[in-house]
Amino acid sequence: MYDFNKPEDAYKVSRLCNRGGVTADFPPYVTFELIDDCNFTCRMCHVSYRRKSKTEMEFGLFQKCLDDIAKYGSLVRFIGYCEPFMYSKIRDAITNVKKKKLQLHITTNGSLLDRPMIDFILASKIDCVIFSFQGFTAEEFCFMRKVSRAVYNKVTDNIRSLFEMRVSDKPFIRVTTTITDRDDPADRHGFVERHSKYADEVQVTGTTHFVTLETLFSVRNIMKQSNVKAPKKAAAARCFIPNYEMKISENGDVYICCSAITDDLLIGNAREDSLYNLWHSEKSVNIRKTLSDGHLERFRECSACSARYEYEDTGNALTDTVSGNVDKYGKAIMKTA
């Protein structure tokens, strides 16, 4: 079905679905949340405020899902609310994806890479590695991630090592960050310039969203404690993300949104049915209709989503994606060349 040459090809399909309100016959990319654990306790992430099961995906289940995905040629992503490199079978997972000749993208905080893992990444020809940051400065990174400057330095050293040891165009290396009104706009250029030395692209992807913590996890006054302003709720929003996104959690639960936190967008379990059937199930169709008609308030999770809010400087991530608008920080990709 799909014949992607690079991860960006999958995102082009997703943008077409988003702008046209069309449902893909099978999602152009599928996200695996391989483990319910993370080695960071970031102040803006719900994982830091709940008990983690620390369970990980059984490899047999991973292979079953991968066989399903390979029928359609979708991009595979290791992201989710976890640190993918904590998965005990991460090397086997990477190897199997590439054996299926599928595109593979991994998003990581970068702290767990070492020389053997960097060597493995390069040998495996992973297509894209995204390093996720917070804020424009090292100080803001450490504040939001609740880590020391030594950890920040280790992350940047790891990215530099991967970049300098690379002898081909794989993996494509991207550094991304979200920001808050704590960040000084004058620091944006320095962020881009600093990381462009060892990345193919540097990107500001929007504003760090705290609303779900207060709404879904009862983390009271987190915005006040973090000294960030609350966003304004958008007058209206229609969401087409379930038309092209799928996430599989470590226990096999399948969601039609990669940002899903609750069971609002749960459509079944991969142990019990094929991914294709779950994608086209009656529940999936009903969720898509509800959200595309603009009734985000019917789902508690969607009502608290960043798609439902407007930020002063970065706007609304959902509507900007649909319209192609770029905020003043340059959500569009900034290349090193």
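Check the entry above for the structure.
## Remarks on the overall build of the chain
- Looking only at helices and strands, the chain has 13 helices and 12 strands in total.
- Since a compact globule built from 337 residues should have a radius of gyration of about 20 Å, the 19 Å found for the chain is in line with a globular shape.
- Considering only C-alpha atoms, the chain reaches an extent of 50 × 50 × 40 Å along its principal axes.
- Of all 337 residues assigned to the chain, the portion counted as buried reaches 56%.
- Sequence separation of 24 or more characterises 71% of the internal contacts of the chain that already satisfy a separation of 6 or more.
- Roughly 14,700 Å² of accessible area belongs to the chain as shown, and the carbon and sulfur atoms make up 48% of that amount.
- In the chain, 49 positive and 45 negative side-chain charges are present, and the distance between their average locations comes to 1 Å.

## Here's the deal with the packing of helix 2 (residues 59-70) against helix 3 (residues 90-99)
- Contact pair helix 2 / helix 3: the axes reach a minimum separation of 11 Å and the direction vectors enclose 20 degrees. The angle between helix 2 and helix 3 places the two elements in the roughly parallel class. The way helix 2 lies across helix 3 gives a crossing that is right-handed. The residues of helix 3 that touch helix 2, namely those facing Phe59, Phe62, Gln63 and Leu66, are Asp92, Ala93, Asn96 and Val97.
- Of the residues assigned to the contact of helix 2 with helix 3, the class counts are five nonpolar, two polar and one charged.

## Comments concerning the pattern of salt bridges
- In total, this model carries 19 salt bridges according to the counting rule given.
- For Glu140, the salt bridge is made with Arg182, and the minimal N-O distance between the two is 2.6 Å. Placement of the pair is Glu140 in helix 5 (residues 138-145) and Arg182 in the loop between strand 5 (172-179) and helix 7 (188-195), with a sequence separation of 42 residues.
- The class of Glu140 is buried, set by a relative accessible area of 8%.
- Given the relative accessible area of 29%, Arg182 is considered partly exposed.

## Focus on the packing of aromatic side chains
- Enumeration over the complete set of coordinates arrives at 14 aromatic pairs.
- Residues Phe133 and Tyr152 carry aromatic rings whose centres are separated by 6.2 Å and whose planes lie at 90 degrees to one another, so their mutual orientation is edge-to-face. Of this pair, Phe133 sits in strand 4 (residues 128-134) while Tyr152 sits in helix 6 (residues 149-165), and the two are 19 residues apart along the sequence.
- Residue classification places Phe133 among the buried positions, given a relative accessible area of 2%.

## Overview of the side chain of Ser111
- Residue placement: Ser111 occurs in the loop between strand 3 (104-108) and helix 4 (115-124).
- For Ser111, a relative accessible area of 5% translates into the label buried.
- Of note is the side chain of Ser111, whose polar atom sits 2.8 Å from the side chain of Asn109.
- Here Ser111 is in contact with Asn39, Phe40, Lys154, Val155 and Asn158, once residues within four sequence places are set aside.

## Considerations on helix 4
- Met117, Ile118, Phe120, Ile121, Leu122 and Ser124 are the residues of helix 4 that are buried.
- Packed against the buried residues of helix 4 are helix 3, strand 4 and helix 6.

## Side note on the nonpolar core
- Judged by nonpolar contacts, the single largest core of 100 residues is most densely connected at Phe32, Phe62, Val76, Phe78, Phe131, Phe133 and Leu275.
- With six residues, the single largest contributor to this core is helix 2.
- When residues no more than four places from it in sequence are discounted, the contact partners of Phe133 are Phe141, Arg145, Tyr152, Val155, Thr156, Ile159, Val175, Thr176, Thr177, Thr178, Phe191 and His195.

## A short note on the pairing of strand 6 (residues 201-207)
- Among the seven residues of strand 6, six are classified as buried, and the element is accordingly described as predominantly covered.
- Pairing analysis gives six bridges linking strand 5 to strand 6, with the strands arranged parallel. Counted as the bridge partner of Thr178 is Gly206 from strand 6.

## A look at the packing of helix 4 against helix 6
- It is at 10 Å that the axes of helix 4 and helix 6 come closest, and there the two elements cross at 40 degrees. Considered as vectors, helix 4 and helix 6 are oriented oblique to each other. Note that helix 4 runs across helix 6; the crossing there is right-handed. Contacts between helix 4 and helix 6 pair Arg115, Ile118, Asp119, Ile121 and Leu122 from the former with Asn158, Ser161, Leu162 and Met165 from the latter.

## Examining the environment of Leu296
- Inspection of the secondary structure assignment puts Leu296 in the loop between helix 11 (282-292) and helix 12 (300-304).
- Leu296 sits in the buried class, given a relative accessible area of 2%.
- Residues Leu296 and Ala236 lie 60 residues apart in sequence; the distance between their C-alpha atoms is 8.9 Å.
- The contact partners of Leu296, leaving out residues within four places of it in the chain, are Ala237, Arg238, Cys239, Leu291, Cys302, Ser303 and Arg308.

Reading the values: rules and limits
Within each chain, residues carry numbers counting from 1 in the order of the written sequence. For a predicted model such as this one, the threshold for reporting local features is a pLDDT of at least 70, and the threshold for listing and counting side-chain atom pairs is 80 or more; totals across whole chains, interfaces and linings nevertheless cover every residue. Each side-chain value is derived from all of the structure's non-hydrogen atoms; neither hydrogens nor water enter the calculation. Helical segments are the DSSP runs of H or I of at least four residues, strand segments are the runs of E of at least two, and each set is numbered from the N terminus. The globule rule is 2.2 Å times the number of residues to the power 0.38, and the radius of gyration it is compared with is taken over C-alpha atoms. Relative accessible area decides the class of each residue, using a 1.4 Å probe on protein chains only: under 20% of the type maximum gives buried, over 50% gives exposed, and in between gives partly exposed. Note on definitions: a residue-residue contact is assigned when non-hydrogen atoms from the two residues lie within 4.5 Å. Method for areas: the Shrake-Rupley scheme with a 1.4 Å probe, in which residue coverage is limited to the protein chains shown. Neither His nor the chain termini are counted; the positive set is Lys and Arg, and the negative set is Asp and Glu. A charged residue contributes its charge at one atom only: NZ of Lys, CZ of Arg, CG of Asp or CD of Glu. A fitted line through C-alpha atoms represents every axis, and for helices the fit uses only the stretch in contact; the resulting angles, taken between N-to-C directions, go from 0 to 180 degrees. In this scheme, roughly parallel covers angles under 35 degrees and roughly antiparallel covers those over 145, while 65 to 115 is roughly perpendicular and the rest are oblique. Working rule for handedness: look at the near helix, and if it is turned counterclockwise from the far one by less than a right angle, call the crossing left-handed; if clockwise, right-handed. Note on residue classes: Ala, Val, Leu, Ile, Met, Phe, Trp, Tyr, Cys and Pro are nonpolar, Asp, Glu, Lys and Arg are charged, and everything else, Gly too, is polar. Counted as salt bridges are all cases of a side-chain nitrogen of Lys or Arg within 4 Å of a carboxyl oxygen of Asp or Glu. Under the pairing criterion, centres of Phe, Tyr and Trp rings, with the six-membered ring standing for Trp, must be within 6.5 Å; the plane angle then separates stacked pairs below 30 degrees from edge-to-face pairs above 60, leaving the rest tilted. Between N or O atoms, a polar contact is any pair within 3.5 Å; within protein, one atom must be a potential hydrogen donor and the other a potential acceptor, and residues adjacent in sequence are included only when both atoms are from side chains. Side-chain atoms within 4.5 Å link the members of a nonpolar core, which is a set of buried Ala, Val, Leu, Ile, Met, Phe, Trp, Tyr and Cys residues. At least two DSSP bridges between two strands are needed for those strands to be called paired.

Remember, this is a structural readout, not a statement about activity or role.
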